[in-house]
Amino acid sequence: MALQGPIPVTFAMVFPHGCYIVGEVEPVKDFDASSNGRFVQARDKQTAELVWQVAVMDGDPTLKPAQKTVAVKILAPVQPVPPQPMPGLPFTPVEFDGMSVTPYVNAAGRLAYSIKVHEMHAPRSTTQPAPNKAGKDAA
């Protein structure tokens, strides 16, 4: 099979309704290398980059509460800094670039996905051009 390893995806494919940071950016522990109270940060198996993690809430209004929050792993040499909070919003909107998903079977025997990204930033402007008054394109 030609498809092996992480599957490249776009932000819009994973979070079509956007997502919001609901936790701190934290290092991911390498459970095999850490021992006797000594913390060793995980490194990505493909890139050897340090792995960080942040909890985000999916903006999809149709999701059940238990499905709304997901961990996103960020591959970066230094701890990523989240975008600045937006005034008047309880959570900070965020977007990711360089995304991939890896499917796996979780402890409950259900299909789940690990989300890895290379970049975190504030949402880009999504302004749409205003339609003309007649509602039709000019010829």
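**A closer look at the overall build of the protein chain**
- Helix and strand content of the protein chain: two helices and nine strands.
- Listing each helix as α and each strand as β along the protein chain from the N terminus yields β-α-β-β-β-α-β-β-β-β-β.
- Going through the 139 residues of the protein chain one by one, you find that 31% of them count as buried.
- A separation of at least 24 residues holds for 60% of the contacts in the protein chain among residues at least 6 apart in sequence.
- For the protein chain, the computed accessible surface area is about 9800 Å², with 57% contributed by carbon and sulfur atoms.

**A short note on the pattern of salt bridges**
- Under the counting rule described, the total for this entry stands at three salt bridges.
- Glu-95 serves as the salt-bridge partner of Arg-124, at 3.8 Å between the closest nitrogen and oxygen. In this pair, Arg-124 is assigned in the segment after strand 9 (119-121) and Glu-95 in strand 6 (residues 92-97), connecting sequence segments 29 residues apart.
- Among the salt bridges present, the one from Arg-124 reaches Asp-97, with a minimum N-O distance of 2.9 Å. Separated by 27 residues along the polypeptide, Arg-124 in the segment after strand 9 and Asp-97 in strand 6 bring together distant segments of the chain.
- Overall, the relative accessible area of 48% leaves Arg-124 in the partly exposed class.
- Because the salt bridges share partners, they merge into one network encompassing Glu-95, Asp-97 and Arg-124.

**Observations concerning the layout of surface pockets**
- Considering only enclosed or pocket space, the largest pocket measures out at about 620 Å³ in volume.
- As for the largest pocket, its lining consists of 22 residues, of which Gln-67, Val-70, Ala-112, Tyr-113 and Ile-115 are closest to the centre.
- Residues belonging to the lining of the largest pocket are distributed by class as follows: 15 nonpolar, four polar and three charged.
- There is about 460 Å³ of room inside the second largest pocket.
- If you trace the second largest pocket, you find 15 residues lining it, with Arg-43, Asp-44, Lys-45, Lys-73 and Lys-116 closest to the centre.
- Residues belonging to the lining of the second largest pocket are distributed by class as follows: four nonpolar, three polar and eight charged.

**Notes on the side chain of Asp-58**
- For Asp-58, the location among the structural elements is in strand 4 (residues 51-58).
- Within the buried set, Asp-58 has no salt-bridge partner at all; the shortest N-O distance to an opposite charge, 6.0 Å, is to Lys-68.

**Re the confidence of the model for the protein chain**
- In this model, the protein chain carries a mean pLDDT of 89, and residues with pLDDT of at least 70 account for 88%.
- Here residues 127-131 scores under 50 on pLDDT; set against residues more than four positions off or in separate chains, the count is zero contacts.
- Low confidence marks residues 135-139, where pLDDT is under 50. Its contacts with residues over four positions away, or in another chain, come to two contacts.

Cut-off values and rules
Residues numbered from 1 in each chain as written. Predicted model: local features only at pLDDT ≥ 70, side-chain atom pairs only at ≥ 80, totals over all residues. Heavy atoms only, no water. Helix = DSSP H or I, 4+ residues; strand = E, 2+ residues; numbered from the N terminus. Buried < 20%, exposed > 50% of the residue type's maximum accessible area, 1.4 Å probe, protein only. Contact = heavy atoms within 4.5 Å. Areas by Shrake-Rupley, 256 points an atom, 1.4 Å probe, with all protein chains shown as cover. Salt bridge = Lys/Arg side-chain N within 4 Å of Asp/Glu carboxyl O. 1 Å grid on protein atoms, 1.4 Å probe; cavity = no way out; pocket = protein on both sides within 12 Å on 5 of 7 lines; lining within 4 Å. Points joined across faces, edges and corners; volume = space filled by probe spheres on them. Nonpolar A, V, L, I, M, F, W, Y, C, P; charged D, E, K, R; others polar. Lys, Arg positive; Asp, Glu negative; His and termini not counted. pLDDT = per-residue confidence, 0-100.

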